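Below are the chains, spelled out letter by letter.
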Amino acid sequence: MSDPAVDAWRPGAVPTSPAGLSLDRLAGYLAEHRPELAVGPLRANLIAGGKSNLTYLLHLGDREVVLRRPPLGHVLATAHDMAREFRVISALAPTEVPVPGALLLCTDPEVIGAPFYLMERMPGEVFRTRAQTDPLGDERRRALALAMMDTLAALHSVEPSTVGLSDFGRPEGYLARQVRRWGGQLDRSRSRPLPGIDELRDLLAATAPEGANAGRIVHGDYRLDNLLASADPVAVHAVLDWEMATLGDPLADLGLLLTYWDVLGGSDTAAGNPVADGLGPRAGFPTGGELIDRYARRSDVDVGPLHWHVALGCFKLAVICEGIHYRHTLGQTLGEGFDRIGEMVAPLVAHGLTAARER
């Protein structure tokens, strides 16, 4: 992972624990439970860029692995489930879906202050900003976007029962349950007036489709900057951030992807936002419609109209952004870019209302 480190370690410096991670207690835990990992001096850097779970690069002697833990402070129920992430990447390891190797799960919050897991460090780059994507040129940007869609199609083609995930979720009523779930998260994150967001929730609840494609493995937050990829040659090396994965309707993944891509990444009003600055048509990538066409050619999923699913994506992302904004106001975020997250809620709600009213 090539994001710059927030807490950089310098040769000759005394190793210190970055915020959210006790190196002393982690070292003791590894020595007891995975002694083969407890080799050499233990150092850690907080990897910048993530807006939800915290991700650290661990230096275990000459080896580098990655640690994931929930965010600090105000944590929404079920939204930062380390065991869930660990289970799904373990299950998908033998499939065509590229995932990091799963190394260790610790559900005891006493070790570092929260449950965590370790995974292999994978090659590639997280493409997140215009500074990264502008130099690629049109051809490589297009190839990268199409590879992203091919990977999503591969995920949705995995039969859950063949990888031990038949009980990973409840497909029946998934879309209606998503509206209720994120509505509940909204109520637990609400700290200021949010005009229109309750109307959007009500519209979604009243018009939720049955979900003819239900029963597939859904990532829950699929987008370009949740991939480790390379541009020369173009390849996707790993899909990251599985905290919201479940069994459900794959159109929810497509709707949320279009929210990032066309709503945030295609609008001048969203220029420079900290979530989708380097994504979408504004950044020189193909349109969302082209991406959906590519997915449809690679998948047996009936895509159909996606207006409702885009509206759900707008609602879900608005709630996530409001939760991050709330943590930021409490001083419980690490890294940069959190001060503007709250500005994204209103345009997401407005676009969601427009999409929800389409027929």
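Residues numbered from 1 in each chain as written. Predicted model: local features only at pLDDT ≥ 70, side-chain atom pairs only at ≥ 80, totals over all residues. Heavy atoms only, no water.

An unreviewed UniProt entry annotates the chain as Aminoglycoside phosphotransferase (APT) family kinase protein of Micromonospora luteifusca.

## Points about the overall build of the chain
Operational definition: Secondary structure follows DSSP: runs of H or I at least 4 residues long count as helices, runs of E at least 2 residues long count as strands, and numbering of each begins at the N terminus. Summary of the burial criterion: residues with accessible area below 20% of their type's maximum are buried, those above 50% are exposed, and those between are partly exposed, where the area comes from a 1.4 Å probe applied to protein chains only. Any pair of residues with heavy atoms lying within 4.5 Å of one another is described as a contacting pair. Surface exposure here means Shrake-Rupley accessible area, sampled with a 1.4 Å probe, where a residue is shielded only by the protein chains that are shown.
Along the backbone of the chain there are ten helices and nine strands. Buried positions account for 55% of the 359 residues belonging to the chain. Summarising the internal contacts of the chain: among those between residues at least 6 apart in sequence, 72% fall at separations of at least 24. Accessible surface computed for the chain: about 14,500 Å², of which carbon and sulfur atoms make up 51%.

## Section: the nonpolar core
Here is the rule: Nonpolar cores are built from buried Ala, Val, Leu, Ile, Met, Phe, Trp, Tyr and Cys residues. Side-chain atoms within 4.5 Å join them into one set.
Residues Leu92, Val97, Met148, Leu224, Trp242, Leu254 and Leu348 are the most contacted members of the largest nonpolar core, which totals 90 residues. Beyond its immediate stretch of four places on either side in the chain, valine 97 contacts Leu92, Ala154, Leu155, Val158, Val239 and Trp242. Residues Ala44, Val65, Leu104 and Val111 belong to the second largest nonpolar core, which totals 22 residues.

## Some points on unusual backbone geometry
In this chain, aspartate 232 is followed by proline 233 through a cis amide linkage whose omega measures 0°. Among the structural elements, proline 233 can be located in the loop between strand S7 (227–231) and strand S8 (234–239). Positive phi, close to 60°, is recorded for aspartate 241, a residue that is not glycine. Within the secondary structure, aspartate 241 sits in the loop between S8 and strand S9 (246–248).

## Here's the deal with the confidence of the model for the chain
Rules: Looking at any residue, its pLDDT shows the predictor's confidence there, from 0 to 100.
Per-residue confidence for the chain gives a mean pLDDT of 87; residues scoring 70 or more make up 87%. Within the model, pLDDT remains below 50 along residues 1–14, and this stretch shows 34 contacts once partners closer than five positions in the same chain are excluded. Residue range residues 74–79 is modelled with pLDDT below 50. Its contacts to residues more than four positions away, or to other chains, number 19 contacts.

## Considering the pattern of salt bridges
For clarity, the threshold we go by: By definition here, a salt bridge exists when the distance from a side-chain nitrogen of Lys or Arg to a carboxyl oxygen of Asp or Glu is within 4 Å.
Throughout the structure, instances matching the rule amount to 22 salt bridges. One salt bridge in this structure joins arginine 128 and aspartate 225, with 3.5 Å as the shortest N-O distance. Here the residue arginine 128 occupies a position in the loop between strand S5 (116–120) and helix H3 (130–133), and aspartate 225 occupies one in the loop between strand S6 (216–218) and S7, the gap between them amounting to 97 residues. Classification of aspartate 225 as buried rests on a relative accessible area of 4%. In this structure, the salt-bridge partner of arginine 201 is aspartate 187, at a minimum N-O distance of 3.4 Å. Taken together, the positions of arginine 201 in helix H6 (residues 197–207) and aspartate 187 in helix H5 (residues 174–189) put the pair 14 residues apart, joining distant regions of the chain. Overall, the relative accessible area of 46% leaves aspartate 187 in the partly exposed class. Each of Arg68, Glu85, Asp241 and Glu243 takes part in salt bridges that share partners, so that together they form one network.

## With respect to helix H7 (residues 250–264)
In plain terms, the rule: Expected span of a helix, by definition, is 1.5 Å for each gap between consecutive residues, and there is one gap fewer than residues. Here the bend at a residue is taken as the angle between two axes, fitted respectively to the seven residues that end there and the seven that start there. Polar contact is the term for a pair of N or O atoms within 3.5 Å; when the atoms are in protein, one must be able to donate a hydrogen and the other to accept it, and sequence-neighboring residues count only if both atoms are side-chain atoms.
With 15 residues, H7 should cover 21 Å at 1.5 Å per step; its first-to-last C-alpha distance of 21 Å lies within 8% of that length. The sharpest bend along H7 comes to roughly 25°, located at leucine 258. In terms of residue burial, H7 counts as a mostly covered element, since 14 of its 15 residues are buried. Of the residues that open H7, the one with a side-chain oxygen 2.8 Å from the backbone nitrogen of leucine 251 is aspartate 249.

## Comments concerning the pairing of strand S1 (residues 42–46)
Operational definition: When DSSP finds two or more bridges between two strands, those strands count as paired.
Summarising burial for S1: five of the five residues are buried, a large majority. Judged by which residues are buried, S1 turns out to be covered on both faces: Leu42, Ala44 and Leu46 on one side and Arg43 and Asn45 on the other are all buried. Note that S1 and strand S2 (residues 54–60) share five bridges and pair antiparallel. Opposite asparagine 45, over in S2, you have leucine 57 as the bridge partner.

## Structural notes on the packing of aromatic side chains
Short version of the rule: A pair of aromatic rings is counted whenever rings of Phe, Tyr or Trp (Trp by its six-membered ring) have centres within 6.5 Å, and the orientation is called stacked for planes under 30 degrees apart, edge-to-face for over 60 and tilted otherwise. Should the NZ of a Lys or the CZ of an Arg lie within 6 Å of a ring centre and within 35 degrees of the ring normal, that charge is described as sitting over the ring.
What the rule picks out here adds up to three aromatic pairs. Geometrically, the ring pair formed by tryptophan 261 and phenylalanine 285 is edge-to-face, given 5.2 Å between the ring centres and 65° between the ring planes. With tryptophan 261 in helix H7 and phenylalanine 285 in the loop between H7 and helix H8 (288–298), this residue pair connects regions lying 24 residues apart in the sequence. Residue classification places tryptophan 261 among the buried positions, given a relative accessible area of 0%. Above the plane of the ring of phenylalanine 168 lies arginine 84, whose end atom (NZ or CZ) is 4.1 Å from the centre.

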